[in-house]
Amino acid sequence: MKKQLRFILLLTIFLLPLLSATPGPGYEEIKVLFFIIFIFLAALLWLFDYFRNPQQNNFKFSKIGITSALFVASLTITSLFGIDPLGSLIGTEPYFQGLVLYGFLFLFSFFRF
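Quick caveat: nothing in here was measured; it's all calculated off a predicted structure.

Enquirer: Looking at this model, I keep getting lost on the overall build of the protein. Mind explaining?
Expert: Looking only at helices and strands, the protein has five helices and zero strands in total. Mapped from its N terminus to its C terminus, the protein presents α and β elements in the order α-α-α-α-α. With 113 residues in all, the protein has 27% of them scored as buried. Counted over contacts in the protein with a minimum sequence separation of 6, partners at least 24 positions apart contribute 62%.

Enquirer: What's the story with the pattern of salt bridges in this structure? I'm lost.
Expert: It is possible for side chains of opposite charge to pair when their charged atoms get near one another. For the coordinates displayed, the defined rule picks out one salt bridge. Between Asp-49 and Arg-52 there is a salt bridge, and its shortest N-O distance comes to 3.7 Å. On the criterion of helical spacing, the pair formed by Asp-49 and Arg-52 is a turn pair, its members being three residues apart in helix α2 (residues 27–52). Judged by its relative accessible area of 9%, Asp-49 falls in the buried class.

Enquirer: Could you clarify how one ought to interpret the packing of aromatic side chains in this entry?
Expert: One pair of aromatic rings is described through two measures. These are the centre distance and the angle between the planes. Evaluated as defined, the whole model comprises two aromatic pairs. With a centroid separation of 4.4 Å and an interplanar angle of 40°, the aromatic rings of Phe-34 and Phe-38 are classed as tilted. With Phe-34 and Phe-38 both in helix α2, this residue pair falls four residues apart, about one helical turn. This pair shows no difference in class: Phe-34 is buried, exactly as Phe-38 is. Centroid distance Phe-71 to Tyr-102: 5.7 Å. Interplanar angle 85°. Geometry classified as edge-to-face. Taken together, the residues Phe-71 in helix α3 (residues 63–81) and Tyr-102 in helix α5 (residues 99–108) connect sequence positions 31 residues apart.

Scoring rules and cut-offs
- Residues numbered from 1 in each chain as written.
- Predicted model: local features only at pLDDT ≥ 70, side-chain atom pairs only at ≥ 80, totals over all residues.
- Heavy atoms only, no water.
- Helix = DSSP H or I, 4+ residues; strand = E, 2+ residues; numbered from the N terminus.
- Buried < 20%, exposed > 50% of the residue type's maximum accessible area, 1.4 Å probe, protein only.
- Contact = heavy atoms within 4.5 Å.
- Salt bridge = Lys/Arg side-chain N within 4 Å of Asp/Glu carboxyl O.
- Phe/Tyr/Trp six-rings, centres within 6.5 Å; stacked < 30°, edge-to-face > 60°.

Structure below.
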C-alpha cells in the first residue's frame, strides 16, 4: 500500500507543474484543484491502510509532529471563531489554503517512506 501512496504523491509533484491554464478556471485554480484531489485520494488511501493494518502503523510523535499538531489546533480554533468560518475551513480563491489543506499536510507529517 505504501508503494501506491508514494506513487500518488510523487505523481502529484511531477504533474503539477505540467498543468496549463484552461479557459474555465484560471491558471492557479486548476493546479490547486488537481493538488487537492490527488492529496485527498492519497489521504483516503493512507487512512484505509491505517485502519486495515493498525498494528503496523503506530504514531511516534516527534518535535515536528507535536509542533504541527499545535499549529493545526490553533488553526482549528481560529477557523471556528473567526469572521468567516467557512472561508477559513476551505480557503478562498484562488489558492483554497484552508484548514482542510493543512489537515492533509498534518496527516502526511506522520507518513514515513
